[in-house]
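# Notes for the structure review
If you want the building blocks of each chain, they are given just below.
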Amino acid sequence: MQASALPIGPGAARWARGWPLSYAAAMTATAVNTAPQRGPLAEKALAAGNRVGIKLIPHLPGGLKRLLSGGRAITIDGNTLDPSVQMMLAAQRATGVNGLSVADDVAATRQQLRETARTVDEPGVHAAEIRNLSIPGPAGQIPVRHYRPAGAGPAPLLVFYHGGGWVIGDLDTHDHLCRLICRDAAAHVLSVDYRLAPEHKAPAAVDDAYAAYLWAREHAVELGADPGRVAVGGDSAGGNLAALVTLRARDAGAPSPALQWLIYPATDMRGLARSRTLFGDGFLLTKHDMDWFQDSYLEGSGVDDADPRVSPLLAGDLSGLAPALVVTAGFDPLRDEGDQYAAKLQAAGVTVDHRRMGSVIHGFAQLNALGGEVARANAEMISAFRAHLARA
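Now for a quick tour of the structure. Because the structure is a prediction, the values reported are computed rather than measured.

On to the overall build of the protein chain, then. Broken down by element type, the protein chain carries 13 helices and 10 strands. Of all 392 residues assigned to the protein chain, the portion counted as buried reaches 58%. Across the protein chain, the fraction of contacts at a sequence separation of at least 24, relative to all contacts at a separation of at least 6, is 76%. A total accessible area of about 14300 Å² is found for the protein chain, and carbon and sulfur atoms account for 53% of it.

Among the nonpolar cores identified, the biggest contains 113 residues, and Y161, I181, W261, Y297, I361, F364 and F385 are the most heavily contacted of them. Not counting chain neighbours up to four residues away, the residues in contact with I361 comprise L81, V85, M88, L89, F283, L284, A329, F331 and L367.

As summarised here, the arrangement of the 8 strands in space is β3-β4-β6-β5-β7-β8-β9-β10, forming an open sheet in which the pairing is mixed. Two strands lie at the open edges of the sheet, namely β3 (129-137) and β10 (352-361), each paired on one side alone. In this sheet, adjacent strand axes meet at a mean angle of 20° when their direction is disregarded. One ladder, built from 9 bridges, connects β3 with strand β4 (residues 140-148); its direction is antiparallel. Within β4, the residue paired with I135 across the bridge is I142. The strands that helix α8 (residues 204-223) touches are β3, β4, β5 (155-161), β6 (188-192) and β7 (225-235); relative to β7, the one it contacts most, it runs at about 150°. Contacts from helix α13 (residues 372-391) reach β5, β7, β8 (260-263), β9 (324-331) and β10, with the element oriented near 170° to β10.

Assignment of secondary structure puts I130 in strand β3. Classification of I130 as partly exposed rests on a relative accessible area of 38%. With 18 residues separating them along the chain, I130 and R148 place their C-alpha atoms 6.4 Å apart. Among all residues touching I130, those that are not within four sequence positions of it are R145, H146, Y147 and R179.

Approximately 170 Å³ is the volume found for the second largest pocket. In terms of lining, the second largest pocket is formed by V206, L244, L247, R248, R250, D251, P308, R309, A315, G316 and D317. Looking at the lining of the second largest pocket element by element, the count peaks at 5 residues for helix α9 (residues 237-252). Its residues assigned to classes, the lining of the second largest pocket comprises 5 nonpolar, 1 polar and 5 charged.

Basis of the calculations
Residues numbered from 1 in each chain as written. Predicted model: local features only at pLDDT ≥ 70, side-chain atom pairs only at ≥ 80, totals over all residues. Heavy atoms only, no water. Helix = DSSP H or I, 4+ residues; strand = E, 2+ residues; numbered from the N terminus. Buried < 20%, exposed > 50% of the residue type's maximum accessible area, 1.4 Å probe, protein only. Contact = heavy atoms within 4.5 Å. Areas by Shrake-Rupley, 256 points an atom, 1.4 Å probe, with all protein chains shown as cover. Core = buried A, V, L, I, M, F, W, Y, C linked by side-chain atoms within 4.5 Å. Pairing = 2+ DSSP bridges. Axes fitted to C-alpha atoms, helices over the stretch in contact; angles between N-to-C directions. 1 Å grid on protein atoms, 1.4 Å probe; cavity = no way out; pocket = protein on both sides within 12 Å on 5 of 7 lines; lining within 4 Å. Points joined across faces, edges and corners; volume = space filled by probe spheres on them. Nonpolar A, V, L, I, M, F, W, Y, C, P; charged D, E, K, R; others polar.

Structural data, given as structure tokens:
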């Protein structure tokens, strides 16, 4: 459940029609082209052109961004959409892109997300060391990637689960986000490449996520991390997994995470929240995407959408869980269920820090290169995560 980008090729000409010539010329070399076959040099050239386009956006005046996006601000429920995000979404509409799924083709959708990740990458963000590892899981080895922060002495460890609707996403699609967290939170990050649907139905992803958490606790010292400050976290579907790992650890009598960091999490598979309809079209993650992701994950699994093993909001007891940092976005179909989960945790006596990022969309954690409110939202939540782990 992540981001897309700006237009390239023939679609870019349609997008730029009627705009100032110099601006149009600069922006026609932007975003994701989903042509099925390209060589390595073409891939690199595309990614480089896309990054140039993305990096232009933060430097444009807000009024110009609005003008090029239709001439008016978008305000819903008292939140006004960030101009850079609005411009990105307008670019998608102009090129016929609506949502994350590519014709419900798993391979093509996974490839598009990888291309998008290269587009929005920030090469200047570094970790002190990055290593690919393999750890034991319930159905074989689980690939993981360890990011070590700069500085001496043990630091907190975040076990991170990527988003992507349990269907797409991998270690590379979220590499830039993990580097950003590692650097700015001064924390170790262990990114987990859990099994994906439709090849592996629910609850395979949760089983892998929980196994990775237990492994991280047992091997924190070997990683150079503080074993007393091991957190779990993730974005979207990854936030769902982090919440479920926290619940499973409590129910199994295992050590609790120091923190559960839930970034615009999916918490209720039934899809009944108002925001799922309100923002279900035109704000990156669509209703069709969500339905396709959930069908791919649940159909044939024997797990119902109301089962607390996949819908943590429906768990009967949320007491005794780790403190939570819950982050929701104002223009996100998953906004309301994230808000509801934060409120239900708090009502159960759990310590909750709920950050509402009103001007951004689902997937904003992946869009830091846009700057503006997106970068401010990322800086705020990473700073909050660092502060919580400093007190743990």
